[in-house]
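# Survey of secondary and tertiary structure
What follows is each chain in one-letter form.
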Amino acid sequence: MHYSGFRVIKEALTGHKGWGPAWRDVAPQKDYDYVIIGGGGHGLAAAYYLAREFGGKRIAVVEKGWLGGGNVGRNTTIVRSNYLLDGNAPFYEFSLKLWEGLEKELNYNAMVSQRGILNLVHTDAQRDAARRRGNAMILNGSDAELLDTEGVRKLYPFLNYDNARFPIKGGLLHRRGGTVRHDAVAWGYARAADRLGVDIIQNCEVTGFKIEAGKVLGVETTRGYIGAGKVASSVAGSSSRVMAMAGMRVPIESHVLQAFVSEALKPTIPGVITYGAGHFYCSQSDKGGLVFGGDIDGYNSYASRGNLPVVEDVIESGVSLIPAIGRVRLLRSWGGIMDMSMDGSPFIDKTHIEGLYFNGGWCYGGFKATPAAGWCLAHLLAKDTPHETATAYRLDRFRTGHAVDEKGQGAQPNLH
Ligand SMILES: Cc1cc2nc3c(=O)[nH]c(=O)nc-3n(C[C@H](O)[C@H](O)[C@H](O)COP(=O)(O)OP(=O)(O)OC[C@H]3O[C@@H](n4cnc5c(N)ncnc54)[C@H](O)[C@@H]3O)c2cc1C
């Protein structure tokens, strides 16, 4: 069924009896050419592009829970292409370009909203760093504008500008950045992949791999054994657990990241703002809630909930930047499990096991990467060579000294 305004009106006038399920509920077949583990944004996007761009057939996505139950439905919805390093910038620019045409392509309203992202600066040194980043962004085909204090004030008059400790000295504005309705992305890709014949199998947890003579033959699941020509793991925060089933130790630690939503307010915050003197990022959803977050909890965990010290830290940063929100009530918060890599950059690579591929290490920036990560994983699965924008995301980069450390923090996953 094609979704359109006309269709919505027709269904409204006929009692909404014509809507069908967005994707089929299928039982697993005996074997597939490709099995993708993880029905998050990345796994579903990979299945879609594999079928559409690379002519892949007999593809299954196996998901242990329900679509949208992982990080794809838990994130703070920010998409952007404001990276500095050559290993990252072309990849994220590719991703943002895919976001720009995504809704038309998928025939799905994912609420892609390029409302602009403003990274605030509070010191002269931060302004220098913002100028350098902005120049790199422009050279890599993205957009950037350096604003002074008055430029920021025009957009966000209610910020705390004259705080003696954290004065706002300007900001780097990336107008094409913005937000996308997170779980709609999973649903949109699932529906489009299903239309191309991809089997999406929910409530199907992978519990082991069948590997013989260095080659993967299939996966053991809670719904039985599924044979596969090629298997890709795309399970975000569960990466180290799933890859351990194949006998691999990946350079990833799992940490909790929390997100928060306030009660609904009148339109207040036009775009996405990030505080430069603390870790705080905030936007306003179309329903009016302020959507915000901060740092990871900073200890290893597989729990989808967070702890109070980080709640306090995030709220302190928020109130320090926007004192008026001190009176706003918090509606809800939740946690997601982040696959933090040692240099803060991801992996899209083959493994030493023939037919086994890995996509992970997205830390807390993998939502914006969803279209490109899916495309590049599909490219790797189909052609066995990395896509030109993802050549830096190798598993052996620490051994060869080619870390992609965007933040310059060293091997400290809790700092990336
Ligand atoms: C609070 C929070 C805020 C964030 N904010 C942003 C942001 O603003 N911008 C941004 O770019 N990124 C953000 N992120 C990060 C982003 O959400 C993730 O990097 C990205 O969603 C990960 O890819 P995914 O969508 O495929 O993951 P997921 O949706 O987590 O998909 C992985 C799937 O694998 C499944 N799985 C796990 N183990 C198995 C198994 N054994 N068998 C079968 N299935 C399995 C899981 O159930 C899950 O559905 C945030 C994350 C969180 C938690």
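### Some details on the overall build of the protein
The helix and strand inventory of the protein stands at ten helices and 18 strands. At 21 Å, the protein has a C-alpha radius of gyration in line with the 22 Å of a compact globule built from 416 residues. Along the first, second and third principal axes, the C-alpha set of the protein runs to 65 × 65 × 40 Å. The buried share among the 416 residues of the protein stands at 50%.

### Overview of the nonpolar core
If you look at the biggest cluster of nonpolar residues, it comprises 115 residues, and the most contacted ones within it are Val35, Ile37, Ala47, Tyr189, Ala193 and Leu377. In this structure, this core is formed jointly by two domains, domain 1 (5-81 + 83-108 + 182-251 + 343-415) and domain 2 (117-177 + 254-341), each of which donates at least three residues. Not counting residues up to four positions away in its chain, the partners in contact with valine 35 are Ala60, Val62, Val219, Ile226, Ala228 and Val231.

### Points about the sheet that holds strand S13 (residues 272-274)
Strand order in the open sheet formed by eight strands is S5-S6-S4-S13-S14-S15-S12-S16, and the pairing between neighbours is mixed. Only two strands of the sheet have a single partner each, and these edge strands are strand S5 (145-147) and strand S16 (330-341). When strand polarity is set aside, the average angle formed by the axes of neighbouring strands in this sheet is 25°. Note that strand S4 (residues 117-121) and strand S6 (residues 170-174) share five bridges and pair antiparallel. Across the sheet, leucine 118 pairs through a bridge with leucine 173, a residue of S6. Where helix H8 (residues 308-321) meets the sheet, its contacts fall on strand S12 (252-264), strand S14 (281-284), strand S15 (289-300) and S16, and the angle it forms with S15 comes to roughly 135°.

### With respect to the packing of helix H2 (residues 41-53) against helix H9 (residues 370-383)
Closest axis-to-axis distance for the H2/H9 pair is 7 Å, and the angle between their directions is 55°. Comparing the axis directions of H2 and H9 gives the class oblique. Regarding H2 and H9, the two cross each other, and that crossing is right-handed. The residues of H9 that touch H2, namely those facing Gly41, His42, Ala45, Ala46, Tyr48, Tyr49, Leu50 and Glu53, are Thr370, Pro371, Ala373, Gly374, Trp375, Leu377, Ala378, Leu381 and Ala382. Its residues placed into classes, the contact of H2 with H9 shows twelve nonpolar, four polar and one charged.

### Observations concerning the site of the ligand
The local shell around the ligand holds 39 residues, among which Gly38, Gly40, Gly70, Gly336 and Gly366 are the closest. Listing elements by their share of the shell around the ligand, those giving two or more residues are H2 and S12. Its residues assigned to classes, the shell around the ligand shows 13 nonpolar, 21 polar and five charged. When residues of the shell around the ligand are assigned to domains, at least three fall in each of domain 1 (5-81 + 83-108 + 182-251 + 343-415) and domain 2 (117-177 + 254-341).

### A few points about the domain arrangement of the protein
Interfaces are frequently sized by the accessible area removed from exposure as the parts join. Assigned domains within the protein: domain 1 (5-81 + 83-108 + 182-251 + 343-415) and domain 2 (117-177 + 254-341). For domain 1 versus domain 2, the distance between C-alpha centres works out to 27 Å. Elements with a contribution of two residues or more to the side of domain 1 that touches domain 2: strand S3 (78-79), helix H3 (89-106) and helix H7 (239-245). Looking at the side of domain 1 that touches domain 2, the element that brings in the most residues is H3, giving four residues. Looking at the side of domain 1 that touches domain 2, its residues break down into 14 nonpolar, 13 polar and four charged.

### Some remarks on the environment of valine 310
Within the secondary structure, valine 310 sits in helix H8. Note on valine 310: 21 C-beta atoms within 10 Å, which makes it buried. Note: C-alpha distance between valine 310 and leucine 257 (53 residues apart in sequence) is 9.2 Å. When sequence neighbours within four positions are dropped, the list of residues in contact with valine 310 reads Gln258, Gly294, Asp295 and Asp297.

### Overview of the pairing of strand S9 (residues 206-212)
Sheet topology places S9 next to strand S10 (residues 215-221); six bridges connect them, and they run antiparallel. Bridging from a neighbouring strand, lysine 210 pairs with glycine 218 of S10. Taking the residues between adjacent antiparallel strands as the criterion, S9 and S10 are bridged by two residues, where alanine 213 takes a positive phi near 50°.

Cut-off values and rules
Residues numbered from 1 in each chain as written. Predicted model: local features only at pLDDT ≥ 70, side-chain atom pairs only at ≥ 80, totals over all residues. Helix = DSSP H or I, 4+ residues; strand = E, 2+ residues; numbered from the N terminus. Rg over C-alpha atoms; globule rule 2.2 N^0.38 Å. Buried ≥ 20, exposed ≤ 12 C-beta atoms within 10 Å, placed from the backbone. Core = buried A, V, L, I, M, F, W, Y, C linked by C-beta atoms within 7 Å. Domains from an automatic or database assignment. Contact = placed C-beta atoms within 7 Å. Pairing = 2+ DSSP bridges. Axes fitted to C-alpha atoms, helices over the stretch in contact; angles between N-to-C directions. Parallel < 35°, antiparallel > 145°, perpendicular 65-115°, else oblique. Left-handed = near helix turned anticlockwise from the far one by under 90°. Nonpolar A, V, L, I, M, F, W, Y, C, P; charged D, E, K, R; others polar. Near = placed C-beta within 6 Å.

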